[in-house]
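An overview of the molecular structure
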Amino acid sequence: MENDVGAEVARHSRRILVHFGGGSIKTTGLYDRVAASLNKAGVEFKALGGVKPNPRLSLAHEGVRLCRDNKLDFVLAIGGGSAIDSSKAIAMGAANDGEVWDFYVGKRELTRALPVGTVLTFPAAGSEASTASVVTNEEGWLKRGFNSELLYPKFSILNPELAFTLPKFQAACGATDILSHLMERYFTNSRHVAFVDRLLEATMKTVIAQGPRVIANMTDYDAWAELMWAGTIAHNNLLNTGRVGDWGSHDIEHEISGIYDVAHGAGLAVVFPAWMKHVLHHDLDRFVQWSVRVWNVELDIFDKEATARAGVARLEAFLHSIGLGTTLASLGVGTDRIDEMARKATDGDKRRIGNFVKLDAAQVAQVLKLAA
Ligand code: NZQ
Ligand code: ZN
C-alpha cells in the first residue's frame, strides 16, 4: 500500500516530483507516510502542492520548471483526478520543449512523457488508470482534455481507507462521475455489444448500490473498496471494448466547470439527465434497456417512451438521494452564458460533440436550457 510507495517508485526513478492538492494529504498524515517511504527507498524528491479542483495550467508550468531545473524524471501524484491530471500535464511538459497547452488544443503530437505513478485518495475521475488529462487554461478559462497511451500511469495504489476523510459532497460527486463514465460508454451506436452492455450494467448497479452506502457511513471500508474498484474499471477503457462512447455530456460539463469552477461530478449530475431528455428518441430501445436493466423500471410494451423516461427520472431521484441537484441553479449557475458555453464546447460551432448524437452549438444550448 502507500507505505511501500517508495519501493514502487524506485523501480522507475530516484529523482522525482511529488505533486498534490490543497492540503488534505497533509492533514491526514498521508504526505508524511509517503515521504517516509520515499526516504527509506532512497528516492530524492521535490514537493509541489496547491493543485486546485479543475487543475490550472499555470501550476503545471511551475511543475515543469521544477522538473527541468532539478532533473526530475518521474511524477508521483497523490490525490484525486485533479492532482493526477496536473501530474500528467507536468509529465508531458517536462519531457518536451515548448508549450504543454499545445497538446491539449491539438497543435502538437505527443511522442514522449515522463512516467507517472499515483496514490489515489478519491475514487471518481478514473485518472489513476486512464490515458487522459484534463486541465484548465486560465487564459479564457478553457478546460480541455488530452489523451495518450503515454499518460497511462506506471502504477496506482488504491487503498479504500484513504477515501474515509472525503467530505460527503465529494463522495456524491465521485459516485456521479463514475456512473457518468459508464453511461457515456453505454449510450452508443455500436452494434453487437451485448456482453460489454452487461458489464456496464453490472458496474452501474454497483455504483448505485455502494454510493449511498459510503455516504451513509464514510468509513465503510467494504463499500469504498467496491466503489473504488468500480471507478477504476469504469474508466480504464476495458468497458470501451468494441464500442464508441458518447462523451458529449462530459464536453458540456467541462465548459461549466471551466467557467464556474464547480465540482465535475456535480456538473455531470446537472448535464446528464438533460442530455438524456434531449437525445431520448435517437434510440428509444437502448434507453428502455437501460431503464429496465439498471433501474428496474417495469417495461411498458405499449409505451416505450414512458419506460425510457422513468429510467431518467430514477437517475434524477438517485442523484437527489445522494445530495446533488439536477439544475443549473443548484450549481449557482445562471442562464446568461449558455450560448457562450455552447460555442466554446463546439469550438465556435465548427466541431460537433458527442457520438451517440452529434450536437452542434444550438443543440448544446438546448441541452443546457433543459438543465436550467
Ligand atoms: O486538494 P485537496 O486538499 O486534496 O482536496 C481535494 C479537493 O478539494 C479533496 N480530496 C481528495 N481526496 C480527499 C479529499 N479530501 C479529503 N480526503 C481525501 N481523501 O477533494 C476535492 C476534489 O478533488 P479532485 O481531485 O478535484 O476531484 P476528482 O477526483 O473528482 O477530479 C476532478 C477532475 O478530474 C477531471 C475533472 O474534469 C476534474 O478536473 N477528470 C479527469 C478524467 C481523466 N483524467 O481521465 C476523466 C474525468 O471525466 C474528469 O473529466
Ligand atoms: Zn468524468
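Counting of residues starts from 1 at the beginning of each chain's written sequence and follows it residue by residue. Think of it this way: whatever chain is written first is A, whatever ligand is written first is 1, and the rest follow in order. In keeping with the predicted nature of the model, local features appear solely for residues at pLDDT of at least 70, side-chain atom pairs appear and are counted solely at 80 or more, and the whole-chain, interface and lining totals rest on all residues. Side-chain numbers come from the whole structure's heavy atoms, not from hydrogens or water.

**Remarks on the coordination of the zinc ion (ligand 2)**
Note the threshold: For Na, K and Ca the donor cut-off is 3.2 Å, and for all other metals it is 2.8 Å, counting N, O and S atoms only; because water is absent from this set, sites may look incomplete. Each helix is a run of H or I in the DSSP string that is no shorter than four residues. Each strand is a run of E no shorter than two, and both are numbered from the N terminus. A 1.4 Å probe rolled over the protein chains alone gives each residue an accessible area, and that area as a share of the maximum for its type sets the label: buried under 20%, exposed over 50%, partly exposed in between.
At this site the zinc ion (ligand 2) is bound by Asp177 (OD), His181 (NE2), His250 (NE2) and His264 (NE2), with donor distances of 2.0 to 2.2 Å. Every donor residue of the zinc ion (ligand 2) comes from the same chain, spaced as D-x3-H-x68-H-x13-H. You can see histidine 181 sitting in helix α7 (residues 168–186) and its partner histidine 250 sitting in helix α10 (residues 248–260), a full 69 residues away along the chain. Histidine 250 matches histidine 181 in its accessibility class, with the two residues each being buried.

**Structural notes on the sheet that holds strand β7 (residues 155–158)**
Defined as follows: Strand pairing requires that DSSP identify at least two bridges connecting the strands. Axes here mean lines fitted to C-alpha atoms, for a helix over just the part in contact, with angles spanning 0 to 180 degrees between N-to-C directions. The contact definition used throughout considers only heavy atoms, calling two residues in contact when any of these lie within 4.5 Å.
An order of β2-β1-β3-β4-β7 is seen for the five strands of this open sheet, with the pairing classed as parallel. Two strands lie at the open edges of the sheet, namely β2 (44–48) and β7, each paired on one side alone. Neighbour-to-neighbour, the strand axes of this sheet turn through a mean angle of 20 degrees, independent of strand direction. Bridging between strand β4 (residues 116–120) and β7 involves four bridges; their strand directions are parallel. What sits directly across from glycine 117, in β7, is phenylalanine 155. This element, helix α5 (residues 81–94), spans β1 (15–20), β3 (75–79) and β4 of the sheet and lies at about 165 degrees to β3.

**Description of helix α15 (residues 361–371)**
Which entries qualify depends on this criterion: By definition, the arc is the one covered by directions from the helix axis to the C-beta atoms. As used in this structure description, the phrase polar contact means that two N or O atoms lie within 3.5 Å; if the pair is within protein, one of them must be able to donate a hydrogen and the other to accept it, and residues adjacent in sequence are counted only when both atoms belong to side chains.
Along α15, the positions that sit buried rather than exposed are Ala361, Val364, Ala365, Val367, Leu368 and Ala371. One face of α15 carries all of its buried residues, which in axial projection span an arc of 155 degrees. Against α10, α11 (264–279) and α14 (338–345) lie the buried residues of α15. Measuring from the side-chain oxygen of the N-cap residue of α15 to the backbone nitrogen of alanine 362 gives 3.2 Å; that N-cap residue is aspartate 360.

**Remarks on the environment of isoleucine 353**
Relative to the helices and strands, isoleucine 353 is located in the loop between α14 and α15. Put simply, isoleucine 353 and histidine 250 are 103 residues apart on the chain and 9.6 Å apart in space, counted from C-alpha to C-alpha. Among residues more than four places away in sequence, those in contact with isoleucine 353 are Gly248, Asp251, Ile252, Ala345, Thr346, Lys358, Leu359 and Val364.

None of the figures reported here should be taken as evidence of function without further support.
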